[in-house]
Amino acid sequence: MLDLIKIRKELHSKPELSGKEVNTVEFIKNIIQEFNPDKLLELAGSLIVVFKGSKKGKNMAFRADIDALPIQELNSFEYASKTKNTAHLCGHDGHAAILLGLAEKLSQNKPKEGSIVLIFQSAEETGQGVKALMINKVFLDLQINEIYGIHNIPGFELGKLLLNAGTFSNASTGMDHPVLHDPNYDFPDEIIDKAINLLYIYSIKK
Ligand SMILES: [Zn+2]
C-alpha cells in the first residue's frame, strides 16, 4: 500500500511552479506506472490516467492540481521546500497524494463500466493548465461526462466535507487600492474609516 504521508512530504520538499511541474509529473508517473492504468498520457503539462471498465458507460474524472506557489517557505521541518521562493503552501502536494491513493484503489478495483480518469493538473494557480487541456484534442476525446475536484481548507473539522452550490474559490487576479489621506488634515481617525470601508467592500458577497 502506498505511504501517502511520505509521498505528500516528498512532493512538498520538491515544489515546482505553475507550468514547470516536470519533475512532479515524472515522480507521479513513476508511481502510477506500477498500477498498470489503461492509459497514461502527458497532455499540455498535465498527467492523465485512465482506468477503463469492460462495458461502455459514464466517464468520470477526478482532478488534483500539482503546482506550487512563488513564496519562500519559512517552515524548518525536514520536508520543507528545498527550492528558494517556491513552496507548496496551497496544499496541492496533498491533493496529488490523495489522487495517487485513488489510483491505487482503482488498480485493485477497476470500474465495471465507463472509465475513471485521473487528472494531475498543471498550472492551476495561473489558470493556464486547464485552459490548455480544454482545447487538447486527445483530452476532449476522452469524453468526460463529470469532473470532481477538491481543495483542502484549513480550520475546519477533520473528516468533514464542505460543499457549495455554484462556483467556489474562484481565481483572483489581484488589485491595488491606494488609500490617500492628507497628513495636514486634522482627523487621523478618518483614514482608519477609509481602510475599514475598503475591507467592507472587498468582503461583500452575493
Ligand atoms: Zn490551491
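Preceding this section is the structure that the text describes.
I will try to describe carefully the structure that is included in this document. (Residues numbered from 1 in each chain as written. Predicted model: local features only at pLDDT ≥ 70, side-chain atom pairs only at ≥ 80, totals over all residues.)

### Considerations on the nonpolar core
When a protein is soluble and globular, its nonpolar side chains tend to lie buried together. By size, the foremost hydrophobic cluster in this structure holds 26 residues, and its most contacted members are I28, A96, L99, L100, V117, L118 and F120. Those elements that provide at least two residues to this core are helix 1 (4-13), helix 2 (22-33), strand 2 (46-52), strand 3 (55-65), helix 3 (92-108) and strand 4 (113-121). Aside from chain neighbours lying at most four places away, what touches I28 is L47, A96, L100 and F120. (Core = buried A, V, L, I, M, F, W, Y, C linked by C-beta atoms within 7 Å. Buried ≥ 20, exposed ≤ 12 C-beta atoms within 10 Å, placed from the backbone. Helix = DSSP H or I, 4+ residues; strand = E, 2+ residues; numbered from the N terminus. Contact = placed C-beta atoms within 7 Å.)

### Focus: the pairing of strand 1 (residues 39-43)
Pairing geometry for strand 1 and strand 2, over 5 bridges, is antiparallel. The residue bridging L40 from the neighbouring strand is V49, located in strand 2. Connecting the antiparallel pair strand 1 and strand 2 is a turn made up of 2 residues, with A44 showing a positive phi of about 50 degrees. (Pairing = 2+ DSSP bridges.)

### Here we look at the sheet that holds strand 4
As summarised here, the arrangement of the 5 strands in space is 1-2-4-3-5, forming an open sheet in which the pairing is mixed. Strands at the two margins of the open sheet, each flanked by one partner only, are strand 1 and strand 5 (146-149). Ignoring strand direction, the axes of neighbouring strands in this sheet form an average angle of 20 degrees. Bridge count for strand 3 against strand 4 is 8 bridges, and the pairing is parallel. Each bridged residue has a counterpart across the sheet, and for A64 the counterpart in strand 4 is F120. Along the sheet face, helix 3 touches strand 2, strand 3 and strand 4 and points at about 155 degrees away from the line of strand 3. (Axes fitted to C-alpha atoms, helices over the stretch in contact; angles between N-to-C directions.)

### Describing helix 2
Residue pairs spaced three or four apart in an α-helix point in one direction, given the helix's 3.6 residues per turn. Compared with the 16 Å implied by 1.5 Å per residue over 12 residues, the 16 Å span of helix 2 between its first and last C-alpha is a close match. Every buried residue belonging to helix 2 is among T24, F27, I28 and I32, and all of these are buried. In a view along the axis of helix 2, the buried residues occupy a sector of 130 degrees, so they form one face of it. Residues V22, N23, E26, N30 and Q33 are exposed on helix 2 and point more than 90 degrees away from its buried face. (Expected span 1.5 Å × (residues − 1). Arc of directions from axis to C-beta.)

### Regarding the environment of D38
With respect to the element layout, D38 can be found in the loop between helix 2 and strand 1. Linking D38 and S115, residues 77 residues apart in sequence, is a C-alpha distance of 9.6 Å. Not counting residues within four places of it along the chain, the set of residues in contact with D38 comprises V50, F51 and K52.

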